[in-house]
Amino acid sequence: MSGESGVVTRQKHSPVTIHHSPLEIEGYASLWGVADLNGDVVQAGAFADSLAKTGASGVRMLNQHDARAPVGVWEQIVEDARGLFVRGRIEDWSAEARFAGALSRAGALDGLSIGYRTARARRQGRLRVLSAVELWEVSLVTFPMLPGARFSSV
């Protein structure tokens, strides 16, 4: 900006920091008795032992199964009559988390997918029926292997 003497001066601007509030979400990460696109079917009760050991705090919230950068936290994970119900929040602590939150707010990201180790399973024709699973993570995904595994904001 020019002063009266013709000297140019700069005004200092404080940096702008934008903080988004966490996005509360909930949905079903797995549905009992429904085959996914790979032919896996989760039996009711399959997560019980794993959740008894770790609780929701031991299960990570990832974006697209990328273990390098969790994007939020799961506050509740329970087996109910329909399947594996999850409730949590997408945080704003990283670029990946903010991006996942923005996509979710816009409706462009609404799928869920589980990361696990099979503890017990049996074959039933072309299907693999999972009766015990060690749950490691529940990811926010664009294309869930189980098309009905979806979340929405609360």
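In the block above lies the structure referred to throughout.
Residues numbered from 1 in each chain as written. Predicted model: local features only at pLDDT ≥ 70, side-chain atom pairs only at ≥ 80, totals over all residues. Heavy atoms only, no water.

Overview of the overall build of the protein chain
Here is step 1 of the chain: Counting its regular elements, the protein chain contains two helices and eight strands.
Here is step 2 of the chain: Counting from the amino terminus, the protein chain carries its helices and strands in the arrangement β-β-α-β-β-β-α-β-β-β.
Here is step 3 of the chain: Within the protein chain, the fraction of its 154 residues that count as buried is 39%.
Here is step 4 of the chain: Pairs at least 24 apart in sequence give 65% of the contacts found in the protein chain among residues at least 6 apart.
Here is step 5 of the chain: Summed over its atoms, the accessible surface of the protein chain is roughly 9100 Å², and 53% of this surface lies on carbon and sulfur atoms. (Helix = DSSP H or I, 4+ residues; strand = E, 2+ residues; numbered from the N terminus. Buried < 20%, exposed > 50% of the residue type's maximum accessible area, 1.4 Å probe, protein only. Contact = heavy atoms within 4.5 Å. Areas by Shrake-Rupley, 256 points an atom, 1.4 Å probe, with all protein chains shown as cover.)

Comments concerning the environment of glycine 72
Here is step 1 of the chain: If you trace the backbone, glycine 72 turns up in strand β4 (residues 72-79).
Here is step 2 of the chain: On a C-alpha basis, the gap between glycine 72 and serine 94 in space is 9.8 Å, while along the polypeptide they are 22 residues apart.
Here is step 3 of the chain: Excluding anything up to four places from it in sequence, glycine 72 contacts Met61, Arg89, Ile90, Glu91 and Trp93.

Describing the pairing of strand β6 (residues 111-124)
Here is step 1 of the chain: With 13 bridges joining them, β6 and strand β7 (residues 127-141) adopt antiparallel strand pairing. Bridging across to β7, glutamine 124 finds its partner in leucine 127. (Pairing = 2+ DSSP bridges.)

Describing the pairing of strand β1 (residues 23-31)
Here is step 1 of the chain: Most of β1 is tucked away: seven of the nine residues are buried.
Here is step 2 of the chain: The pairing of β1 with strand β5 (residues 83-90) spans eight bridges and is antiparallel. Residue pairing in the sheet places tyrosine 28 in a bridge with phenylalanine 85 of β5.
Here is step 3 of the chain: Bridge count for β1 against strand β8 (residues 151-153) is three bridges, and the pairing is antiparallel. From the neighbouring strand, glutamate 26 faces β8, where its bridge partner is serine 152.

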